[in-house]
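Each chain is listed here by its residues.
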Amino acid sequence: MNIIFCEDYEEMSRKAAAIIASQIILKPDSVLGLATGSTPIGLYEELVSKYNTGEISFSRVQTYNLDEYIGLAPTHDQSYAYFMNHYLLGKIDIDMSNTHLLFGMAKDIDQECQNYTSKLSSIVGGLDFQILGMGHNGHIGFNEPDSKFILDTHCIELTDETIQANSRFFGDTDLVPKRAITMGIRPIMNAKQILFIVNGSDKAEMLERALFGDVTPSVPASILQMHRSLTVVADREALRVVEQLHPEQIY
Ligand code: F6R
């Protein structure tokens, strides 16, 4: 595990973008796992600007998103499909047939989960790079705290904590969908490399537990300790507790 210290959100976004841009330069047909939420917005803006200056091209890149709310159409401005289009996919030269998103309006959610699991398992060698943020309760994707790690794509009841945290995007807790579909732990852990980005003091305790506490499904991000190539890029605030307890671990 490498923990890269950043002064603030902007530096975290720049360093994270440098890592993903290098990946695309070294392997133009990279397969990327993408996250949504507030954390990667700056990273995606940096990648769009590197595309605009001709530094990188996404023409051969493939993407797989982590999750989607059940009941939101891709045209809904809080759906993750809309988010991806708005912040990244609609602004670069990616072939849209190489982008893979979950469909929150699927009539048969179980079938949607199975189809996504099959698509993910057909990627030879697994995802090249999985980008992850972390929820305040330690979730990755929408793999919420549980009594076991769920390996494949599944439907999940969002916890009250997640609904509360995400109400900032919807304006009202009642408007936040109560269920979502998420990639499971298997394709995340099978990814060749993981970029874990975390910012803000409100995640500092959970980040320390995730990286140095017990590996347990009650802190889903703790499984990342077992990954062969984990890079954590986090800001000073998020690293507050890690810095106090494990200063030697920070790069
Ligand atoms: C979303 C996702 C979630 C978020 C997490 C943090 O695709 O994977 O795990 O990364 O909820 O969200 P923010 O970044 O909004 O704090």
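Above this text is the structure in question.
The structure displayed is predicted, hence computed values, not measured ones.

Draft legend 1. Seen up close, the packing of helix α1 (residues 9–26) against helix α2 (residues 41–52). Direction vectors running N to C along α1 and α2 enclose 55 degrees, while the axes themselves pass 8 Å from each other. By the criterion of interaxial angle, the relationship of α1 to α2 is oblique. Note that α1 runs across α2; the crossing there is right-handed. Of α2, the residues touching α1 (which contributes Tyr9, Ser13, Arg14, Ala16, Ala17, Ala18, Ile20 and Ala21) are Ile41, Gly42, Leu43, Glu46, Leu47 and Lys50. Classifying every residue of the contact of α1 with α2 gives nine nonpolar, two polar and three charged.

Draft legend 2. Layout of the pairing of strand β9 (residues 193–198). For β9, the tally of buried residues reaches five of six residues, placing the bulk of the element in the interior. Two strands pair when backbone bridges link them, and strand β6 (residues 129–132) and β9 are joined in this way by four bridges, in the parallel orientation. Counted as the bridge partner of Leu132 is Phe196 from β9. The pairing of β9 with strand β10 (residues 230–235) spans five bridges and is classified as parallel. Directly across from Ile197, in β10, lies its bridge partner Val233.

Draft legend 3. Quick look at the packing of α2 against helix α3 (residues 80–87). One way to put it is that α2 packs onto α3 with a least axis distance of 9 Å and a crossing angle of 40 degrees. By the criterion of interaxial angle, the relationship of α2 to α3 is oblique. Taking contact as the criterion, the partners of Ile41, Tyr44, Glu45 and Val48 in α2 are, on α3, Phe83, Met84 and Tyr87. Looking at the contact of α2 with α3 residue by residue, the class counts come to six nonpolar, no polar and one charged.

Rules and cut-offs
- Residues numbered from 1 in each chain as written.
- Predicted model: local features only at pLDDT ≥ 70, side-chain atom pairs only at ≥ 80, totals over all residues.
- Heavy atoms only, no water.
- Axes fitted to C-alpha atoms, helices over the stretch in contact; angles between N-to-C directions.
- Helix = DSSP H or I, 4+ residues; strand = E, 2+ residues; numbered from the N terminus.
- Parallel < 35°, antiparallel > 145°, perpendicular 65-115°, else oblique.
- Left-handed = near helix turned anticlockwise from the far one by under 90°.
- Contact = heavy atoms within 4.5 Å.
- Nonpolar A, V, L, I, M, F, W, Y, C, P; charged D, E, K, R; others polar.
- Buried < 20%, exposed > 50% of the residue type's maximum accessible area, 1.4 Å probe, protein only.
- Pairing = 2+ DSSP bridges.

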